[in-house]
Amino acid sequence: EDGGAGAGAATKKRRVGGGGEAADDSLKALRPSAVWKAHAQCLSGLEWLDQDVASQNHLVSASWDHSIKTWDVERQDCVATVNGSKVNTCLTYARDAKLLVTGHPDGALRLWDPRRGDEDTSARSSGSLTT
């Protein structure tokens with residue numbers, strides 16, 4: 001016997017980095033089909049808008065730079081920007097209500113109507129609503 005360095009060594013996968021993942025030489029590196037300079041600071045959320053809200057394929061992004069932007073995916077262009085007064089820490093799209101909801105460090109949830117392009121209402125984490 002050769003102590004395990006024979007046939008088994010030929011099929012052994014090589015290690016990449018310190019995480020213990022094995023590399024597969026048959027995998028190809030993926031490249032993005034588009035890269036957009038979206039915001040001045042990091043992104044905190046991305047959501048697709050429904051077709052009945054936006055006539056095209058639109059993506060919405062929120063950022064720590066206080067802005068929410070709507071993107072036309074086909075044109076790869078920003079079609080609307082709403083600037084809020086606080087950092088956006090998260091974003092979701094309420095499909096039934098057709099509203100965007102953002103979360104903020106001050107504990108408030110803000111509702112945005114993408115059809116109007118402005119803040120609809122604001123709710124504190126305690127549950128009280130203000131308009």
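Let me begin by describing the structure that accompanies this report. (Residues numbered from 1 in each chain as written. Predicted model: local features only at pLDDT ≥ 70, side-chain atom pairs only at ≥ 80, totals over all residues. Heavy atoms only, no water.)

From N to C terminus, the protein includes one helix and eleven strands. Counting every position in the protein, which comprises 131 residues, the buried fraction comes to 31%. Within the protein, contacts between residues at least 6 apart in sequence are counted, and of these 25% link residues at least 24 apart. With an accessible surface of roughly 8,900 Å², the protein has 51% of that area assigned to carbon and sulfur atoms. (Helix = DSSP H or I, 4+ residues; strand = E, 2+ residues; numbered from the N terminus. Buried < 20%, exposed > 50% of the residue type's maximum accessible area, 1.4 Å probe, protein only. Contact = heavy atoms within 4.5 Å. Areas by Shrake-Rupley, 256 points an atom, 1.4 Å probe, with all protein chains shown as cover.)

Every other side chain in a regular strand lies on the same face of the sheet, so the side chains alternate between the two faces. Pairing analysis gives four bridges linking strand E8 (residues 99-103) to strand E9 (residues 108-113), with the strands arranged antiparallel. Residue Val-101 lies in a different strand from E9, and its bridge partner there is Leu-111. Hairpin connection between E8 and E9: a loop of four residues separates the two successive antiparallel strands, and Gly-107 in this loop has a positive phi of roughly 85 degrees. (Pairing = 2+ DSSP bridges.)

This part takes up the nonpolar core. If you look at the biggest cluster of nonpolar residues, it comprises nine residues: Leu-49, Val-60, Ala-62, Ile-68, Val-82, Leu-91, Tyr-93, Leu-100 and Trp-112. Sorting the residues of this core by element identifies strand E4 (58-63) and strand E7 (90-94) as the ones contributing at least two each. (Core = buried A, V, L, I, M, F, W, Y, C linked by side-chain atoms within 4.5 Å.)

We now examine the side chain of Asp-65. Among the structural elements, Asp-65 can be located in the loop between E4 and strand E5 (67-72). Buried and without a salt bridge, Asp-65 has Lys-69 as its closest oppositely charged side chain, separated by 5.4 Å. At a separation of 3.0 Å, a polar atom in the side chain of Asp-65 contacts the main-chain amide nitrogen of Ala-40. If sequence neighbours within four positions are ignored, Asp-65 has contacts with His-39, Ala-40 and Gln-41. (Lys, Arg positive; Asp, Glu negative; His and termini not counted. Salt bridge = Lys/Arg side-chain N within 4 Å of Asp/Glu carboxyl O. Polar contact = N/O pair within 3.5 Å; in protein donor to acceptor, adjacent residues only side chain to side chain.)

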